[in-house]
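Below are the chains, spelled out letter by letter.
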Amino acid sequence: MRLEAIVGDITTQAVDAVVNAANSSLLGGGGVDGAIHRAAGPELLQECRALRAGDLPDGLPVGQAVATGAGELPARWVIHTVGPNANAGQTDPALLASCFIESLRVAEELSAASVAFPAVSGGVYGWAMSDVARIAVQAVSGFPARSVELVRFVLFSSDAKAVFDRRVDIA
Ligand code: AR6
């Protein structure tokens, strides 16, 4: 599995699966979540509503992941995960690691070869970017991938990319 970090907009990534830093409602929000829903169009929200009406009446728990189609995005699937919210006292690194591991597990179920991750919990949910990078790279590089060949971390600033690059380089 190859790991890379780039500066970019995750909604423009032509990968098999784009990971969304969602909230438990799965019904949209700000940040990456808002950008993905805007770019994907109403089909994505419809699929999320169907999940809530079906298997996930109480929403998606923190640290879990679930896939939908990707609407108008250049990706094939969106894998929604819910990061821990440090501002609400959710500071267990295992919960954040679980977001990356569970997202990759879902990607493997889809036989995805390429996956793009944002800095889950590194925005509104208040985790330090250095902690997100360390936990993300450790979780991804320890994952026993079969179908997934490329994991791309798509960061919104060159500062965040530099933090990820340091971890990717020693992984
Ligand atoms: N592409 C790549 N990265 C982005 C983009 C983008 N288009 N937009 C923002 N980022 P956040 P969280 C960066 O807040 O901390 C939502 O309202 C951003 O600069 O999106 O997990 C959800 O509905 C930051 O570094 O996710 C939840 O309620 C990183 O993505 C809550 O926010 C993650 O920031 C989730 O908070």
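Per an unreviewed UniProt entry, the chain carries the name O-acetyl-ADP-ribose deacetylase (Regulator of RNase III), contains Macro domain and comes from Ruania alba.

Draft legend 1. Structural view of the sheet that holds strand S5 (residues 114-117). Taken in spatial order, the six strands make up an open sheet running S1-S6-S5-S2-S4-S3, and their pairing is mixed. Taken across any chain shown, the strands that pair with only one partner, and hence form the sheet edges, are strand S1 (2-7) and strand S3 (65-69). Direction aside, neighbouring strands of the sheet carry axes that sit 25 degrees apart on average. The sheet contact formed by strand S2 (residues 17-22) and strand S4 (residues 77-82) spans six bridges and is parallel. Within S4, the position partnered with Ala21 by the bridge is Thr81. In the packing of helix H1 (residues 31-40) onto the sheet, the strands contacted are S2 and S4, and the crossing angle to S2 comes to about 130 degrees.

Draft legend 2. Here's a closer look at the nonpolar core. Counting 36 residues, the largest nonpolar core has Phe100, Leu104, Val115, Phe117, Val140, Phe153 and Phe164 as the members making the most contacts within it. Beyond its immediate sequence surroundings of up to four residues, Phe117 is in contact with Ile10, Val19, Phe100, Ser103, Leu104, Val140, Val151, Arg152, Phe153 and Val154. Grouped together as the second largest cluster of nonpolar side chains are twelve residues, Ile10, Val15, Ala40 and Ala75 included.

Draft legend 3. Quick peek at the UniProt feature "domain: Macro" (unreviewed entry) in the chain. The UniProt record marks residues 1-171 with the feature "domain: Macro" (unreviewed entry), using the residue numbering of this structure. Within residues 1-171, the helical portion is 38% and the strand portion 19%, while the C-alpha atoms at the span's ends are 11 Å from each other.

Draft legend 4. Here's a closer look at the pairing of S5. Where burial is concerned, the two faces of S5 agree: the one with Ser114 and Ala116 and the one with Val115 and Phe117 are both buried. Pairing of S2 with S5 involves two bridges; the strand directions are parallel. The partner of Ala17 across the bridge, within S5, is Val115. With four bridges joining them, S5 and strand S6 (residues 150-155) adopt parallel strand pairing. Bridged to Ala116 within S6 is Arg152. As for the winding sense of the linkage, the β-α-β connection from S5 through helix H4 (residues 129-141) to S6 is right-handed.

Draft legend 5. Structural context of the packing of H1 against helix H2 (residues 42-53). H2 packs onto H1 with a crossing angle of 115 degrees between their chain directions and a minimal axis gap of 6 Å. Considering their axes alone, H1 and H2 lie roughly perpendicular with respect to each other. Within the contact between the two elements, H1 uses Ile36, His37 and Ala40 and H2 uses Pro42, Leu44, Leu45 and Cys48. The residue inventory of the contact of H1 with H2, partitioned by class, reads six nonpolar, one polar and no charged.

Draft legend 6. Focus on the packing of H4 against helix H5 (residues 158-170). Between H4 and H5, the least distance of the axes is 9 Å, while the angle of their chain directions is 35 degrees. As H4 packs across H5, the resulting crossing turns out to be right-handed. Where H4 approaches H5, its residues Met129, Ser130, Val132, Ala133, Arg134, Ala136 and Val137 are matched on the opposing element by Ala160, Val163, Phe164, Arg167 and Val168. Residues that form the contact of H4 with H5 fall into these classes: nine nonpolar, one polar and two charged.

Each value, and the rule that gives it
Residues numbered from 1 in each chain as written. Predicted model: local features only at pLDDT ≥ 70, side-chain atom pairs only at ≥ 80, totals over all residues. Heavy atoms only, no water. Pairing = 2+ DSSP bridges. Helix = DSSP H or I, 4+ residues; strand = E, 2+ residues; numbered from the N terminus. Axes fitted to C-alpha atoms, helices over the stretch in contact; angles between N-to-C directions. Contact = heavy atoms within 4.5 Å. Core = buried A, V, L, I, M, F, W, Y, C linked by side-chain atoms within 4.5 Å. Buried < 20%, exposed > 50% of the residue type's maximum accessible area, 1.4 Å probe, protein only. UniProt positions renumbered as here; feature names shortened; annotations may be inferred. Right-handed = clockwise from strand over helix to strand, strands pointing away. Parallel < 35°, antiparallel > 145°, perpendicular 65-115°, else oblique. Nonpolar A, V, L, I, M, F, W, Y, C, P; charged D, E, K, R; others polar. Left-handed = near helix turned anticlockwise from the far one by under 90°.

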